[in-house]
Amino acid sequence: MTDDPGSVKTHRRTLAGDPADALPWQHLAVDACRAGNRRQALSLFVRAAWLHGDGAVLEQQIDGVITPALNQAVTLMQSGQVDEAAALIEPLAEIIAPRGDFAHVLGVLRFVQGRDDEAGQFHAASRMADNGLGAALAGIARHRADYDFIGTVVIPVYRMEDTIERALDSVLAAVRHHRAASGDAEAKVHVCVVDDASPDDTVSRALRWARAHPEQSVAIIANNRNRGAGRARNAGAAAAMGRYLWFLDADDYYLERHLFLTIRALDEAPEAGFVRTGMLFDGIDAEVTQDWRQASENCYPGNLCVRRDCHDRIGGFPEEAPFYPAVADDVAYSRALHSRFGGLKIFDKTVHYTMRPGNALERQRAEMTGGPPSAEREKPDSRFVAIELLTRRRLYGLACNAMAGPEALPAPQTDAAVWLETGKELIRDQRPEPAVAALVRAAALDPSNAVVWFELGLAANTLKRDALALRGFQAVASLHPDAGAARFNLASLRFEQGVLDPAARHLREALALRPEHGGTLFLLGRTERRRGQAGIAQRLLGWAARVEPDLGEIRAERAEAALGLNRPEDAAELARRALALAPGLFDGHTALAGALEALGRPDAALPGWERAIRCNPGRGGAFTGRAVNRLTRRYGPPPAPASRAGTGRRLASTSLGWHGRFGNQLLQYGVLRLYAARHGLTLEVPPWPGRHLYGLDDPMPGPALLRLPERQVEASVMASLSGVESGVEDEVLADRDVTAYFCGDTGFLAPHRETFRGFFTPGPHIRPWTDALTARLRGAGHTVVAVHIRRGDFGWGPFWMAPESWYLRWLDAVWPGLDRPVLYVATDDPRCLSAFAAYRPLSARDVAEPIPGAEFLTDFHALCEADLVAVSNSSFSFVATMLNRRARSVVRPDKAQQALVPYSPWSSPVLL
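Residues numbered from 1 in each chain as written. Predicted model: local features only at pLDDT ≥ 70, side-chain atom pairs only at ≥ 80, totals over all residues. Heavy atoms only, no water.

1. Observations regarding the overall build of the protein
Here comes step 1: A tally of helices and strands in the protein yields 41 helices and 17 strands.
Here comes step 2: Taking all 912 residues of the protein together, the buried fraction comes to 51%.
Here comes step 3: Pairs at least 24 apart in sequence give 68% of the contacts found in the protein among residues at least 6 apart.
Here comes step 4: As presented, the protein carries roughly 39300 Å² of accessible surface, and 52% of it is formed by carbon and sulfur atoms. (Helix = DSSP H or I, 4+ residues; strand = E, 2+ residues; numbered from the N terminus. Buried < 20%, exposed > 50% of the residue type's maximum accessible area, 1.4 Å probe, protein only. Contact = heavy atoms within 4.5 Å. Areas by Shrake-Rupley, 256 points an atom, 1.4 Å probe, with all protein chains shown as cover.)

Next comes the structure, spelled out in structure tokens:
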């Protein structure tokens, strides 16, 4: 109830005659505020502000609503009522983008609730750099950076000074390959070198290697006397981090696929305790008999990846006297492991077993190739009899423990319910990696528990472990074949992965179980539209709209489908209905703008693109639409598109311009152009700024092609351009519609750098402008130093922001040694310029008139031309350094070191 119902009716009558009158909306907002309805009041104030455009008035009005709510929320938090505080202010955040004190209080709430990623987003939005929340988040981030490992490679060393560095090099190469092949640029593997009292220079060389490669986590443990390889491996395993263990002898080395294949195998098979790969036997690989190959590969620790808890449950490597020094301890270990757990075998050869004088391979060389037994087998001594007896004793003890029940085992908990609760708790703590490990154990112990599989699917999906997430949701659907929700979840995952055919199949199965489920109808309509079936999509979305008449997202999706059917008038009407239901709907504004463009009304379309950008500045589609609209009005149409290739020669990327903004669009385009050229394909792309700015004339997309999942595309393209036979690329991606961000390590592009740069030569329209900009920069000083400070849509997830203080420390260090330096600050937030005032910086407004639609190009070109560049954690400035031929030093922010560190644009991850 409001204080004056008659006033409310009056204002509503006024709005019925003129809904664009801002004053009645403000009066209604004030009435709602007096009645205690903060959410409605905010919504009405915002609507009024859209109409009158007075931001200062809006600020005053919303402060009157939000400040009391924040004070009340803080009081509730202080009394321990955290969830109640969240319930009070969360609804307000759905209407007003939090910033300042509002964002800070929400950030504190999220931090206390253990939702660190969201807390970080709100902290960045608050722009309160130096406070307790920032320090707490930095502490959590540092802890995760230090301890979040997939597993540990244990390397025992004794007299291995000639080979230890090669072994460590092979681990680092395998880690890098895993990051590229898995698409997880953050994946980390720890290395534990165990010095078994080696008398030579082995440890010094390992230490020098570790200090030369600070990006690779290495620990060195020292024994004060020689204890044998088995005991050394146990010491390394005891100090290990992560869920998996690998054991590498220092004279052997990994081939680069070893970590990727073993991690993937165990991640996708939660019931397996270990996995073994094939081995490459130095010098005699082609001659080794099949029996010897099988026996060696089943007992050698170097080709093994084992779960840490499985290693613990068999007591590690035997340490009894007959096994010391290093006699058959690996055989006994393997027999115990195989007796207690199921394992997997990968036949790819991923470990090189080196032959050296006196080692097992050299001693047994003759019999491994079909010759006579070695001397040690002809005359076995009593130690081997003792070893066999002790091995049997160990196996018997393990069997007895297993029969006695889980409580008798010396390992971690083996009750599936305990693992499930542990996994849930870890998920609540925002620790998905260990949560997945716990849930994998729960699934292995109770494979019929649908709750376990569902939680595992969710956690794996959070980590983008697509195969494991898929396995989890498939298990739920299999255990509950009549549950439509299970199939809907499975379909949602497949849709997110871009695997549209299975997604459509699962959605139709879900629809048969729940014919009137609006979410299923909506997602199936979206799926069919992306499969190129716009007509089917329209019918499904019309059905969904009847089931969910108040959902603006459905009407916006129908508008996009109508555009696909070349019905722009219908699309415009559907988009307007969507916006009537949800005025802040990004997809509604882009659909309306796209329809107006198709109707030949670019002037009317431009405000739609700009409204969409205000709704969500981080999404690329509206950014691209606005840029193309304004560039076309300034310069006319871009170069005429070339003709499309015939069947079998097409490669389309219809999402270019919609996934990622300018810097990432250049990266996507450049990578796909390289791939297309390598395989004789013709790349087809929609309108995007590169056509105007770089004179590109690629064909426009033709008839719809099969879309591939992003991860499949990325792995295949990277493998092809790196020239590595990785097994990822099964076929050339001809006649496919592809998309990927390619924000992992850029090493695969290094051989193609000049071709890549050549794609982005300024076109004839802007070449005079870029030449003049370069001349102004060079005229301002002899050494151009450029820094990029990205704010705007950043501050969440991987798009974290480094403080200005890191850049200032770097400038203080390099500036005195430069010849007539001039500082250029590239930024989307001019307020940060004041931090650099002592250097009298230049910015975009000082050096060039902006290009309408490509206002960003001033900053981008300056970054391309500078002599020293300090980038942000952004593909925009990273790609600029890829195109920069002048720079003699490039640095980027590093969370672990809390500073700017050097990097190579052609062998580094794009985002950290």
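2. Things to note about the sheet that holds strand 13 (residues 783-789)
Here comes step 1: Taken in spatial order, the 5 strands line up as 14-13-15-16-17 in an open sheet, and their pairing is mixed. This sheet does not close on itself; its edge strands, each paired only once, are strand 14 (821-827) and strand 17 (899-902). Strand-to-strand twist in this sheet, taken as the mean axis angle between neighbours without regard to direction, amounts to 20°.
Here comes step 2: In this sheet, strand 17 lies alongside strand 16 (residues 889-894) in antiparallel orientation, the contact comprising 4 bridges. Bridging across to strand 17, Val891 finds its partner in Pro902.
Here comes step 3: Contacting strand 13, strand 14 and strand 15 (868-870), helix 40 (residues 857-865) runs over the sheet at an angle of about 140° to strand 14. (Pairing = 2+ DSSP bridges. Axes fitted to C-alpha atoms, helices over the stretch in contact; angles between N-to-C directions.)

3. What to know about the sheet that holds strand 9 (residues 650-652)
Here comes step 1: Strand order in the open sheet formed by 4 strands is 10-9-12-11, and the pairing between neighbours is parallel. Edge strands, defined here as strands with exactly one partner in the open sheet, are strand 10 (682-684) and strand 11 (706-707).
Here comes step 2: Sheet topology places strand 11 next to strand 12 (residues 736-737); 2 bridges connect them, and they run parallel. Note that in strand 12 the partner of Leu706 across the bridge is Arg736.

4. As for the pattern of salt bridges
Here comes step 1: Overall, the coordinates contain 35 salt bridges when judged by the stated rule.
Here comes step 2: A salt bridge links Arg293 to Glu297, with the shortest nitrogen-to-oxygen separation between them at 3.7 Å. One end of the pair, Arg293, and the other, Glu297, are both in helix 13 (residues 290-297), 4 residues apart, so they sit about a helical turn from each other.
Here comes step 3: Residue Glu297 is classed as buried on the basis of its relative accessible area, which comes to 5%.
Here comes step 4: Salt-bridge contacts for Arg650 lead to Glu684; the nearest nitrogen and oxygen are separated by 2.7 Å. Of this pair, Arg650 sits in strand 9 while Glu684 sits in strand 10, and the two are 34 residues apart along the sequence.
Here comes step 5: Taking the relative accessible area as the measure of exposure, Glu684 reaches 0% and is therefore buried.
Here comes step 6: Because the salt bridges share partners, they merge into one network encompassing Asp501, Arg508, Glu528 and Arg531. (Salt bridge = Lys/Arg side-chain N within 4 Å of Asp/Glu carboxyl O.)

5. As for the side chain of Thr262
Here comes step 1: For Thr262, the position within the fold is in helix 12 (residues 258-268).
Here comes step 2: Given the relative accessible area of 0%, Thr262 is considered buried.
Here comes step 3: Here His258 takes part through its backbone oxygen, which lies 2.8 Å from a polar atom of the side chain of Thr262. (Polar contact = N/O pair within 3.5 Å; in protein donor to acceptor, adjacent residues only side chain to side chain.)

6. Re the packing of helix 37 (residues 767-780) against helix 40
Here comes step 1: It is the contact of helix 37 with helix 40, at a shortest axis distance of 10 Å, that shows an interaxial angle of 60°. By the angle class used here, helix 37 and helix 40 are oblique. Relative to helix 40, helix 37 is oriented so that their crossing is right-handed. On the side of helix 37, the interface is formed by Trp769, Thr770, Leu773, Thr774, Leu777 and Arg778, while helix 40 contributes Leu857, Thr858, His861, Ala862 and Glu865.
Here comes step 2: Looking at the contact of helix 37 with helix 40 residue by residue, the classes come out as 5 nonpolar, 4 polar and 2 charged. (Parallel < 35°, antiparallel > 145°, perpendicular 65-115°, else oblique. Left-handed = near helix turned anticlockwise from the far one by under 90°. Nonpolar A, V, L, I, M, F, W, Y, C, P; charged D, E, K, R; others polar.)

7. Details of helix 20 (residues 416-428)
Here comes step 1: With 13 residues, helix 20 extends 18 Å between its outermost C-alpha atoms, agreeing within 8% with the 18 Å of an ideal straight helix rising 1.5 Å per residue.
Here comes step 2: The complete set of buried residues in helix 20 reads Ala416, Trp419, Leu420, Gly423 and Leu426. Taken around the axis of helix 20, the buried residues stretch over an arc of 130°, which confines them to a single face.
Here comes step 3: On its buried face, helix 20 is in contact with helix 21 (432-445) and helix 22 (450-462).
Here comes step 4: Positive phi shows up at Gln430, right after helix 20, with a value of about 60°. (Expected span 1.5 Å × (residues − 1). Arc of directions from axis to C-beta.)

8. Quick look at the nonpolar core
Here comes step 1: Core analysis: the largest hydrophobic core is formed by 71 residues, its most contacted members being Phe662, Leu749, Leu857 and Phe860.
Here comes step 2: Here the element with the most residues in this core is helix 33 (residues 662-678); it accounts for 9 residues.
Here comes step 3: If you look at the next biggest cluster of nonpolar residues, it comprises 44 residues, including Val189, Ala250, Ala269 and Trp292. (Core = buried A, V, L, I, M, F, W, Y, C linked by side-chain atoms within 4.5 Å.)

9. Considerations on the confidence of the model for the protein
Here comes step 1: Confidence in the prediction of the protein, expressed as mean pLDDT, is 83, and 83% of residues score 70 or more.
Here comes step 2: Low confidence marks residues 403-414, where pLDDT is under 50. Its contacts with residues over four positions away, or in another chain, come to 19 contacts.
Here comes step 3: Under a pLDDT of 50 for its full length, residues 725-729 has, in the predicted model, 12 contacts with residues more than four places off or in other chains. (pLDDT = per-residue confidence, 0-100.)

10. Here we look at the environment of Asp894
Here comes step 1: Within the secondary structure layout, Asp894 lies in strand 16.
Here comes step 2: Those residues in contact with Asp894 that lie beyond four places of it in its chain are Trp800, Trp806, Ala899 and Val901.

11. Observations regarding the packing of helix 33 against helix 35 (residues 710-722)
Here comes step 1: Look at helix 33 against helix 35: their axes get within 10 Å of each other, and the N-to-C directions meet at 65°. Relative to helix 35, helix 33 is oriented so that their crossing is left-handed. Contacts from Val671, Leu672, Leu674, Tyr675 and Arg678 in helix 33 reach Ser716, Val717, Ser720 and Leu721 in helix 35.
Here comes step 2: Its residues assigned to classes, the contact of helix 33 with helix 35 shows 6 nonpolar, 2 polar and 1 charged.

12. What to know about the environment of Ala174
Here comes step 1: Considering the arrangement of structural elements, one finds Ala174 in helix 9 (residues 164-182).
Here comes step 2: Relative accessible area serves as the criterion here: at 0%, Ala174 is assigned to the buried category.
Here comes step 3: Through-space distance from the C-alpha of Ala174 to that of Phe260 is 7.3 Å; in sequence the pair is 86 residues apart.
Here comes step 4: Once you skip the residues sitting within four places of it in the chain, Ala174 turns out to touch Leu255, Glu256 and Leu259.

13. Description of the environment of Ala591
Here comes step 1: Checked against the element boundaries, Ala591 lands in helix 30 (residues 586-598).
Here comes step 2: In this structure Ala591 comes out as buried when scored by relative accessible area, which is 0%.
Here comes step 3: In the structure, Ala591 is positioned 28 residues away from Leu563 in sequence and 8.2 Å away in space, judged by C-alpha atoms.

14. Describing the pairing of strand 6 (residues 274-281)
Here comes step 1: Most of strand 6 sits out of view: 7 of its 8 residues are buried.
Here comes step 2: Looking at chain direction, strand 6 and strand 7 (residues 304-307) are connected through 3 bridges and run antiparallel. Its bridge partner lying in strand 7, Phe274 is registered against Val306.

15. A few points about the packing of aromatic side chains
Here comes step 1: In this structure the tally under the stated criterion is 20 aromatic pairs.
Here comes step 2: With a centroid separation of 6.1 Å and 80° between ring planes, the pair formed by Phe247 and Tyr333 is classed as edge-to-face. Here the residue Phe247 occupies a position in strand 4 (residues 244-247), and Tyr333 occupies one in helix 15 (residues 329-340), the gap between them amounting to 86 residues.
Here comes step 3: In this structure Phe247 comes out as buried when scored by relative accessible area, which is 0%.
Here comes step 4: Taking relative accessible area as the criterion, Tyr333 reaches 1% and is therefore assigned buried.
Here comes step 5: When the ring of Phe281 is compared with that of Tyr353, the centres are 6.0 Å apart and the planes differ by 50°; the resulting orientation is tilted. Residue Phe281 is located in strand 6, and its partner Tyr353 is located in strand 8 (residues 343-353); the two are separated by 72 residues in the primary sequence. Tyr353 carries the same exposure label as Phe281, and that label is buried.
Here comes step 6: Pairwise contacts between aromatic rings join Tyr669, Trp688, Tyr694, Phe756, Phe759, Phe760 and Trp906 into one cluster.
Here comes step 7: Positioned above the aromatic ring of Phe317, the side-chain terminus of Arg233 is 5.0 Å from the ring centre.
Here comes step 8: Seen from the ring of Tyr903, Arg892 lies directly overhead, with NZ or CZ sitting 4.9 Å from the centre. (Phe/Tyr/Trp six-rings, centres within 6.5 Å; stacked < 30°, edge-to-face > 60°. Lys NZ or Arg CZ within 6 Å of the ring centre and 35° of its normal.)

16. A look at the pairing of strand 14
Here comes step 1: Across the 7 residues that make up strand 14, a large majority, 6, are buried.
Here comes step 2: Pairing of strand 13 with strand 14, which is carried by 7 bridges, proceeds in the parallel orientation. Within the sheet, the bridge partner assigned to His788 lies in strand 14 and is Ala826.

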